[in-house]
Amino acid sequence: MEIIAFGRLADMIENKEINLEGVTTTDQLRQKLQVRFPFLSGIRYAIAVNNKILPGNAFLEQNDRIALLPPYSGG
Amino acid sequence: MTADNRYGRYRHQILLRDFGEAAQQKLLDARVLVVGAGGLGCAALQYLVAAGAGTIGIADDDTVHLTNLHRQVLYGTNDIGYPKAKRAARRLKQLNPDIEIQVHPLRLTPQNTLGIIGSYDIIVDGTDNHGSKYMINDACVLTGKPFIFGAVSESEGQLAVFNAVTNGSFSANYRDVFPYQWPYDKEAGCNETGVIGVLTGIIGCMQGNEVIKVITHTGNPLVNRLVTFNALTGRMHEFSIQAGTETRKLIPADAKEFMQARYEMPCTNDDSNFIELPAGEFQRLINRNDITVIDVRENPGPTRVEFQHIHIPFGRLKESLPTIKGDTIITFCEKGILSLKAALLLKEAFQNGKKIYSLRHGINNWNNTNNFA
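Bear in mind that the values here come from a model prediction, so they are computed numbers and not experimental data. (Residues numbered from 1 in each chain as written. Chains lettered and ligands numbered in written order. Predicted model: local features only at pLDDT ≥ 70, side-chain atom pairs only at ≥ 80, totals over all residues. Heavy atoms only, no water.)

1. With respect to the sheet that holds strand 14 (residues 328–332) of chain B
Residues and elements named next belong to chain B.
- Strands sit in the order 11-15-14-12-13 across an open sheet of five strands; the sheet is parallel. The open sheet has two edge strands with one neighbour each: strand 11 (276–277) and strand 13 (310–311).
- Bridge count between strand 12 (residues 291–295) and strand 13: two bridges; the pairing is parallel. Pairing of Ile 294 across the sheet is with Ile 310, part of strand 13.
- With respect to the sheet, helix 11 (residues 338–350) is in contact with strand 11, strand 14 and strand 15 (355–359), its orientation differing from that of strand 15 by roughly 175°. (Pairing = 2+ DSSP bridges. Helix = DSSP H or I, 4+ residues; strand = E, 2+ residues; numbered from the N terminus. Contact = heavy atoms within 4.5 Å. Axes fitted to C-alpha atoms, helices over the stretch in contact; angles between N-to-C directions.)

Here is the structure:
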């Protein structure tokens, strides 16, 4: 699985090693990421799998491309 | 005015294949509301006025500040201290006197939003905070208007057309991407986040472009699609979004509920202010006997509530304060909107004397979660 992160998440996550062993759903991914990066508990983000933003929990496969998108509020 | 004169200004877009006089007339007949005349709004407004969007509303309660000028290009140094909506209108009138500009020099709130957006066909997001984005999104869903969303942070922007009619139903809205508003605006930095000025112009222009496509039915608007653009890398990404069946439940049911909803949230980095309790956490707490659970709904209705609680309708909460016992209080309602409002009221009333929580997403969601458990 490849993970790209956007906005502030990019600075925090980029180039960091993330062990995704045993992760088969987006909920598990969130949990795993939160343990690895505790700051994520204070940040909302959407998860896109293969460029598709999915509501709720979804299954993940080995070759999926994951994107983490935080909301922006500036104008 | 002859057709030649009327359309003369717009000649070079009328010449476009698939545009022509018919599309121009649609644009001239359109009523567009731009909420927020900041970085995004200034860019979108200029091109909408230039392109001949016939009636344009500008809603903004702010005045021009020196720190705005690097990105809010409708204003000059002489405008500092003056209301943005009025100054923007004056400048836009110079750009194209044929356009009708309606100035709303006020802040949109749950009380006045539906009334104001009601007379427009399409709403452009030029706001600078999460609360306003959720509020306008929900108002657009309630009134069936397309919502041209834009947002920026530092070097990156997001853009989408929400709630447009496509194939006979409404497309995805903001809550299909970010379902819930958090009770405190922790992420934003609240105006303290830097932003590349040109980026707001780029995203604002793209919003203007989407408005024109939606109104004139040309091209492929960003319906069910979210685009990000990074000004530093020059990269764009596109994501597909879908209208979720559960999303509508997160939005106030009607105008009355909308007007009671709380969208404006204080800025804080203090975690102790997070008072919304997830369903699982609620389940753990209600089994303790030192907890006071309050149903704040005006009319509790038929929803199953199988735990010990008291009923104090939100309207009577203030006068009932002395009767509320216990050190930990949890409020709940149908969807978690009114109960959050109640929790904030209680937090203010009791200061730090009690722990106050609101059941996130309400009793319906909790019942569903429990059924699955």
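That shown, we press on.
2. Considerations on the packing of aromatic side chains
Residues and elements named next belong to chain B.
- On inspection of all chains with the given rule, the structure shows 12 aromatic pairs over all chains.
- Geometrically, the ring pair formed by Phe 149 and Phe 162 is tilted, given 5.3 Å between the ring centres and 35° between the ring planes. With a gap of 13 residues between them, Phe 149 in strand 5 (residues 147–153) and Phe 162 in strand 6 (residues 156–162) connect regions that are remote in the sequence. As far as the burial class goes, Phe 149 and Phe 162 line up, both buried. (Phe/Tyr/Trp six-rings, centres within 6.5 Å; stacked < 30°, edge-to-face > 60°. Buried < 20%, exposed > 50% of the residue type's maximum accessible area, 1.4 Å probe, protein only.)

3. Side note on the domain arrangement of chain B
- Split by domain assignment, chain B resolves into domain 1 (3–260) and domain 2 (272–371).
- Relative to domain 2 of chain B, the C-alpha centre of domain 1 of chain B lies at a distance of 36 Å. (Domains from an automatic or database assignment.)

4. Brief notes about the interface of chain A and chain B
- Chain A puts 22 residues into the contact, and the matching count from chain B is 36 residues.
- In this assembly, chain A packs against chain B so that about 2500 Å² is buried in total across both faces, 57% of it on carbon and sulfur atoms.
- At the surface where chain A touches chain B, the tally comes to zero salt bridges.
- Looking at the side of chain A that touches chain B, the elements with two or more residues in it are helix 1 (7–13), strand 2 (46–49), strand 3 (52–53) and strand 4 (65–69) of chain A.
- Taken together, the residues of the side of chain A that touches chain B break down into 12 nonpolar, seven polar and three charged. (Buried area = accessible area lost by both parts, 1.4 Å probe. Salt bridge = Lys/Arg side-chain N within 4 Å of Asp/Glu carboxyl O. Nonpolar A, V, L, I, M, F, W, Y, C, P; charged D, E, K, R; others polar.)

5. So, the pattern of salt bridges
All names here are of chain B.
- This model, assessed by the stated rule, comprises 14 salt bridges over all chains.
- Notably, a salt bridge pairs Arg 297 with Asp 295, separated by 2.9 Å at the nearest N-O pair.
- By relative accessible area, which is 2% here, Asp 295 ends up buried.
- A salt bridge links Glu 334 to Arg 297, with the shortest nitrogen-to-oxygen separation between them at 2.7 Å. On the criterion of sequence distance, the pair formed by Glu 334 in the loop between strand 14 and helix 11 and Arg 297 in the loop between strand 12 and strand 13 is long-range, its members being 37 residues apart.

6. What about empty space enclosed by the protein?
- Taken as a whole and judged by the stated rule, the model has two cavities of 30 Å³ or more.
- Roughly 40 Å³ of internal volume is contained in the second largest cavity.
- Considering the residues around the second largest cavity, the lining is formed by A:Ile4, A:Ala48, A:Asn50, A:Asn51, A:Arg65, A:Ile66, A:Ala67 and B:Phe239.
- Of the residues belonging to the lining of the second largest cavity, the class tally is five nonpolar, two polar and one charged. (1 Å grid on protein atoms, 1.4 Å probe; cavity = no way out; pocket = protein on both sides within 12 Å on 5 of 7 lines; lining within 4 Å. Points joined across faces, edges and corners; volume = space filled by probe spheres on them.)

7. Here we look at the packing of helix 4 (residues 39–51) of chain B against helix 8 (residues 197–216) of chain B
Residue and element names in this part refer to chain B.
- Relative orientation of the contacting elements helix 4 and helix 8 amounts to 40°, with a least axis distance of 7 Å. Between helix 4 and helix 8, the angle is such that the two are oblique. For helix 4 against helix 8, the interelement crossing comes out right-handed. Here Gly 39, Leu 40, Ala 43, Ala 44, Tyr 47, Leu 48 and Ala 51 of helix 4 come into contact with helix 8, specifically with Thr 200, Gly 201, Ile 203, Gly 204, Cys 205, Gln 207, Gly 208, Val 211 and Ile 212.
- Here the residues of the contact of helix 4 with helix 8 are counted per class, giving 10 nonpolar, six polar and no charged. (Parallel < 35°, antiparallel > 145°, perpendicular 65-115°, else oblique. Left-handed = near helix turned anticlockwise from the far one by under 90°.)

8. Concerning the nonpolar core
- Counting residues in hydrophobic clusters, the biggest one holds 47 residues, and the most contacted among them are B:Val32, B:Leu45, B:Leu48, B:Ile56, B:Ile58 and B:Val211.
- By residue number, the principal contributor to this core is helix 4 of chain B, which donates seven residues.
- Counting 36 residues, the second-largest nonpolar core is a separate cluster that includes A:Phe6, A:Ala46, B:Phe162 and B:Ala261. (Core = buried A, V, L, I, M, F, W, Y, C linked by side-chain atoms within 4.5 Å.)

9. Notes on unusual backbone geometry
Residues and elements named next belong to chain B.
- Residues other than glycine seldom take positive phi values, yet His 217 does so here, at roughly 55°.
- The residue His 217 is located in the loop between helix 8 and strand 9 (225–230) in this model.
- At His 361, a position not held by glycine, the phi torsion is positive, near 70°.
- If you trace the backbone, His 361 turns up in the loop between strand 15 and helix 12 (362–372).
- Residue His 361 is classed as buried on the basis of its relative accessible area of 17%.

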